[in-house]
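These are the residues of each chain, in order.
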Amino acid sequence: MKLKEAFLSVFVLLFSIIIHSQNPLNFGSNIRTADPSAHVWQDGRLYIYASHDIECQEDFWMKDWHVFSTDDLINWTDHGAVLSVEELSWADNYAWAPDCAYKNGKYYFCFPAGTGHKDRVNPEKSTKWMGIGIAVSDSPTGPFVDHIDAPLWTEPYANDPCLFIDGDGTPYLYVHGKELDYKVVELTNDMKSIKGDFLKMDMGGYKPPMEGPWIFKRNEKYYFTMPENNKVLTYYMSDSPKGPWTYKGMIMDQEHSSNNHHSIVEYKGQWILFYHRWIYTGDACENRKRQRHICAEYLFFNEDGSIKPVVRTDEGLTKKER
Ligand code: FUB
């Protein structure tokens, strides 16, 4: 091949990678995003409820949540900030990983928020506290209004809620937090309080440190997925939303030494893993050379319902061969 032709083919290849690359997802609004919680609602669109990283943010100080939607997995709409800690009477910071559920004609936005500071040098001086809130709206894109003007509970500390509504309408809440990992609690039908006590679930003896739990159902089986040690995505399966759970292994390995957070949803017959990736963004932020951005990959099951490991790609959902 002549030099000119070789140069041209490299150029065409690079150009095609650039125009076909979809990771991180292009929400069109140029903001830093993390902690995707994906849902498909009755209007047939796929929605992502996400955390919003402030540019060069310090110690995960975060102030509002955004919602994005699509109907083709390529073109996204940023519906803007659907709730902010400024609208809460009980928190002023830590707008962390949210979730959303649909029940009785309303959308319930479940979110962690808090106040105070974490003293990483002298932890005993820390004043940081976080709790779980619940907000409501008639629309999947909000605006959401605090449903009870208070957290669902104040002790123990909690974040990273996953609100799973089972087929019979029962709302189950899973969270990460002190003494709360691997526990589940039901919410009352009006979604205003927890119903009864937290139940410690049987995880089959395997219980590593975890963050952001995610629960979904497929073929009458329940899946409990999470970032193990806040980085490696792993999963369990059960016949019930309350366990007992069987550990099944890794979905996605860690990248760098930073956290991951994910959700898994079926859209138009195809399962998708949403997650965030720490992407190098230059030297503009003294404290952060990498910032978080939401990405996505197709996810596949084996015949027995187990999940095939997922690899991070640049093409993401534009990948042709599935
Ligand atoms: O975005 C803040 C926190 O980082 C989330 O709540 C965790 O899951 C981790 O992603």
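One can find the structure itself at the top, above this paragraph.
What counts and how
Residues numbered from 1 in each chain as written. Predicted model: local features only at pLDDT ≥ 70, side-chain atom pairs only at ≥ 80, totals over all residues. Heavy atoms only, no water. Helix = DSSP H or I, 4+ residues; strand = E, 2+ residues; numbered from the N terminus. Rg over C-alpha atoms; globule rule 2.2 N^0.38 Å. Contact = heavy atoms within 4.5 Å. Areas by Shrake-Rupley, 256 points an atom, 1.4 Å probe, with all protein chains shown as cover. Lys, Arg positive; Asp, Glu negative; His and termini not counted. Charge placed at Lys NZ, Arg CZ, Asp CG, Glu CD. Near = heavy atom within 4 Å. Polar contact = N/O pair within 3.5 Å; in protein donor to acceptor, adjacent residues only side chain to side chain. Nonpolar A, V, L, I, M, F, W, Y, C, P; charged D, E, K, R; others polar. Salt bridge = Lys/Arg side-chain N within 4 Å of Asp/Glu carboxyl O. Buried < 20%, exposed > 50% of the residue type's maximum accessible area, 1.4 Å probe, protein only. Pairing = 2+ DSSP bridges. Axes fitted to C-alpha atoms, helices over the stretch in contact; angles between N-to-C directions. Core = buried A, V, L, I, M, F, W, Y, C linked by side-chain atoms within 4.5 Å.

1. Considerations on the overall build of the protein
On a plain count of helices and strands, the protein comes out with one helix and 19 strands. For the protein, whose C-alpha radius of gyration is 20 Å, the value lies close to the compact-globule estimate of 20 Å for 322 residues. Seen through its principal axes, the protein has C-alpha atoms that stretch 75 × 50 × 40 Å. Nonlocal contacts in the protein, meaning residues at least 24 apart in sequence, comprise 50% of its contacts between residues at least 6 apart. Counting only carbon and sulfur atoms, one obtains 52% of the accessible surface of the protein, whose full area is about 14900 Å². Of the charged side chains in the protein, 34 are positive and 45 negative; the average position of the first set lies 4 Å away from that of the second.

2. A short note on the site of the ligand
Surveying the vicinity of the ligand reveals the residues Asp-35, Met-62, Trp-96, Ala-97, Asp-160, Glu-211, Asn-259, His-261, His-276 and Arg-292. The side chain of Asp-35 places a nitrogen or oxygen atom 2.5 Å from an oxygen atom of the ligand. Here the ligand loses 98% of its free accessible area of 270 Å² to cover by the protein chains. For the shell around the ligand, the residue count by class is three nonpolar, three polar and four charged.

3. Looking at the pattern of salt bridges
In the structure shown here, the tally under the stated rule is 13 salt bridges. The shortest N-O distance in the salt bridge between Glu-55 and Arg-32 comes to 2.8 Å. Taken as a pair, Glu-55 in the loop between β2 (46–53) and β3 (64–70) and Arg-32 in strand β1 (residues 32–40) lie far apart in primary sequence, 23 residues in all. For Glu-55, a relative accessible area of 42% corresponds to the partly exposed category. The residue Lys-221 makes a salt bridge to Asp-239 at a minimum N-O spacing of 2.6 Å. Linking Lys-221 in strand β14 (residues 221–228) with Asp-239 in the loop between β15 (232–238) and β16 (246–252), this pair joins segments that are 18 residues apart in sequence. For Lys-221, a relative accessible area of 34% translates into the label partly exposed.

4. A look at unusual backbone geometry
Leave glycine aside and you will find that most residues have negative phi; peptide bonds, for their part, are mostly trans. Note the cis peptide between Glu-155 and Pro-156, where omega equals 0°. Along the chain, the position of Pro-156 falls in the loop between β8 (145–146) and β9 (158–165). Even without being glycine, Asn-104 reaches a positive phi, approximately 50°. When you line up the elements, Asn-104 lands in the loop between β5 (99–103) and β6 (106–115).

5. Considerations on the sheet that holds β15
Reading across from one edge, β13-β14-β15-β16 is the order of the four strands in this open sheet, with antiparallel pairing throughout. Of all the strands in the sheet, just β13 (214–218) and β16 have a single pairing partner and so form its edges. The sheet shows a mean angle of 30° between the axes of neighbouring strands, direction not considered. Examined bridge by bridge, β15 and β16 share five bridges and lie antiparallel to one another. Residue pairing for β16: Tyr-235 is matched across the bridge by Gly-249.

6. Re the pairing of strand β12 (residues 194–200)
Within a regular strand, the side chains alternate between the two sheet faces. One ladder, built from four bridges, connects strand β11 (residues 183–187) with β12; its direction is antiparallel. Paired with Lys-183 across the bridge in β12 is Lys-200. Hairpin connection from β11 to β12: six residues lie between these consecutive antiparallel strands, with Met-191 at a positive phi of about 60°.

7. Quick word on the nonpolar core
Counting 32 residues, the largest nonpolar core has Tyr-174, Phe-224, Ile-251, Leu-273 and Leu-299 as its most contacted members. Counting residues per element, the ones that place at least two in this core are β9, β10 (171–177), β13, β14, β15, β16, β18 (270–280) and β19 (290–299). Excluding anything up to four places from it in sequence, Tyr-174 contacts Asp-160, Pro-161, Cys-162, Phe-164, Lys-183, Val-184, Met-201, Pro-213, Ile-215, Phe-224 and Pro-241. Formed by 27 residues, the second largest nonpolar core is a distinct cluster that contains Trp-41, Tyr-47, Tyr-49 and Trp-129.

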